[in-house]
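# Structural overview for review
Residues per chain, in single letters:
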Amino acid sequence: MAVMTLPPRSPRPLLNRRLAPFGTTIFAEMSALATRTGSINLGQGFPDTDGPEEVREAAVRALRDGRGNQYPPGPGVPELRTAVAEHQLRRYGLAYDPDTEVLVTAGATEGIAAALLALVEPGDEVIALEPYYDSYAACIAMAGGTRVPVTLRPSGDRFTLDLDELRRAVTDRTRLILLNTPHNPTGTVLTRDELAAIAALAVERDLLVVTDEVYEHLVYDTAEHVPIATFPGMRERTVTLSSAGKTFSYTGWKVGWVTAAAPLVTAVRTAKQYLTYVSSGPFQYAVAEALRLPDDYFTGLREDLRAKRDLLAGALAEVGFGVFRPQGTYFITADITPLGEKDGLAFCRSLPERCGVVAVPTLVFYDDPEAGRAHVRFAFCKTEGLLREAADRLRGLKGLQGS
Ligand SMILES: *Cc1c(COP(=O)(O)O)cnc(C)c1O
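## Considering helix H3 (residues 78-92)
- Here H3 is 15 residues long and its end C-alpha atoms lie 21 Å apart, about the 21 Å a rise of 1.5 Å per residue gives.
- Within H3 the residues assigned to the buried category are Leu80, Arg81, Ala83, Val84, Ala85, His87, Gln88 and Tyr92.
- Phi for Gly93, located one or two positions after H3, is positive at around 70°.

## Thoughts on the packing of aromatic side chains
- The final tally for this structure, using the stated rule, is 15 aromatic pairs.
- Judged by centre distance (5.9 Å) and plane angle (70°), the ring pair of Phe248 and Phe298 falls under edge-to-face. Of this pair, Phe248 sits in helix H8 (residues 244-248) while Phe298 sits in helix H11 (residues 295-319); the two residues are 50 residues apart in sequence, bridging distant segments of the chain.
- With centroids separated by 5.9 Å and ring planes inclined at 80°, the aromatic side chains of Phe321 and Phe347 adopt a geometry described as edge-to-face. Taken as a pair, Phe321 in the loop between H11 and strand S11 (322-324) and Phe347 in helix H12 (residues 344-355) lie far apart in primary sequence, 26 residues in all. For the pair Phe321 and Phe347, one class covers both residues: buried.
- Three or more aromatic residues joined by ring pairs make a cluster, and in this case those are Tyr215, Tyr330 and Phe331.
- In this structure, Arg91 is placed above the aromatic ring of Phe298, and the distance from its NZ or CZ to the ring centre is 4.4 Å.
- Seen from the ring of Phe331, Arg377 lies directly overhead, with NZ or CZ sitting 3.6 Å from the centre.

## Observations concerning the site of the ligand
- Lining the immediate environment of the ligand, one finds 13 residues, of which Thr109, Asp212, Tyr215, Ser243 and Lys246 sit closest.
- Between Tyr215 and the ligand, the recorded distance is 2.7 Å, taken from a side-chain N or O atom to an oxygen atom.
- Of the residues in the shell around the ligand, the class split is five nonpolar, five polar and three charged.

## Structural notes on the pattern of salt bridges
- The final tally for this structure, using the stated rule, is 30 salt bridges.
- The salt bridge partner of Asp310 is Arg325, with a shortest N-O separation of 2.9 Å. Linking Asp310 in helix H11 with Arg325 in the loop between S11 and strand S12 (331-335), this pair joins segments that are 15 residues apart in sequence.
- The partner of Arg388 in a salt bridge is Glu384, and the shortest N-O contact between them spans 2.8 Å. With Arg388 and Glu384 both in helix H13 (residues 384-400) and four residues apart, this pair spans about one turn of that helix.

## Some thoughts on the packing of helix H1 (residues 26-37) against H12
- At their nearest, the axes of H1 and H12 sit 9 Å apart, and the two run at 25° to each other. By the angle between their axes, H1 is roughly parallel relative to H12. Considering the relative orientation of H1 and H12, their crossing is right-handed. For the pair H1 and H12, contact is made by Ile26, Glu29, Met30, Leu33 and Thr37 and by Leu345, Cys348, Arg349 and Pro352, respectively.
- Broken down by class, the residue content of the contact of H1 with H12 amounts to six nonpolar, one polar and two charged.

The rules behind the values
Residues numbered from 1 in each chain as written. Predicted model: local features only at pLDDT ≥ 70, side-chain atom pairs only at ≥ 80, totals over all residues. Heavy atoms only, no water. Helix = DSSP H or I, 4+ residues; strand = E, 2+ residues; numbered from the N terminus. Expected span 1.5 Å × (residues − 1). Buried < 20%, exposed > 50% of the residue type's maximum accessible area, 1.4 Å probe, protein only. Phe/Tyr/Trp six-rings, centres within 6.5 Å; stacked < 30°, edge-to-face > 60°. Lys NZ or Arg CZ within 6 Å of the ring centre and 35° of its normal. Near = heavy atom within 4 Å. Polar contact = N/O pair within 3.5 Å; in protein donor to acceptor, adjacent residues only side chain to side chain. Nonpolar A, V, L, I, M, F, W, Y, C, P; charged D, E, K, R; others polar. Salt bridge = Lys/Arg side-chain N within 4 Å of Asp/Glu carboxyl O. Axes fitted to C-alpha atoms, helices over the stretch in contact; angles between N-to-C directions. Parallel < 35°, antiparallel > 145°, perpendicular 65-115°, else oblique. Left-handed = near helix turned anticlockwise from the far one by under 90°. Contact = heavy atoms within 4.5 Å.

Next comes the structure, spelled out in structure tokens:
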């Protein structure tokens, strides 16, 4: 009996071409290293204490009362959508209709993914500030877009945006600018003038802006967070993302939100409904209460983190790092060249052994790693005791250098 033989199929990698460049995140590698070596993990950016007690209790109450234990409404529970709209109005004078212009997402992470999947056509160019938050590159790739980096460069003790470079990056294929302010990992808060220039460019070239503002409440000294949606011509072209994780120190709850004009929210919701559909039911009610906490909470959080920034920045400077003092976020980017070091990745891999502290190399957040070769990022959203211990350990590094 003749057996028909089919030609063998050529072997193919399991992971598709779009995702092939994205291996395990640096956070997984460095957090595993921290666990293995018993080091203090200042790599990954999550607080080591929970947020406000009353917010946690609100979540417990919602769970007990059976609010959100079954699929919540697709756009999010009305209580949270209303609280988000009130927050945007009270803080920034931005009026959004809670029914058509606010969408609850599974953290800002899903908001980013849904916005890019909804708005980017394969072949479109997406301009992103680098070093970038790691999910941006992967989500642009999943959407079939082409990433066009514009690099924030050190200037004095701050990273700045070169507006001419941004202008030159715009082509006829540019679909949107993906912004992040306050910016992770550099700690830069874009100024009113910088934002006005970006807004003018977006209007002139008819671009959309997707802006990740998850650190909106974590700004220090004289820095001020200004949403780009407040600039002329921007409301109708801006998708603003934020979330409860950083503001309320409940990163595990994954409650985020999108605010934008109705047609943009409709587009983002179309993608979002096939990602998670809904998430975090009872936590949505708790976050609605959190957003209405008195101003004391927000100023207290800022003051607490500013003091922690000063503690860690002081220790890093003492050890000899070049310190870029962040105006926002809970990260410090430091330059290792004054320590006689060149490569951030090698440095971070050796740091646990040398002093029992973990940081992350920021070169992995660049298309051209040379731009960030000598920079490492430390998180300071930790208890004061742990930060003091980390500071002591880092001072030990100085001895190791024989300096
Ligand atoms: C932490 C972080 C996020 C993720 O927010 P979630 O609400 O936890 O999904 C998004 N963007 C930036 C810049 C972040 O640092």
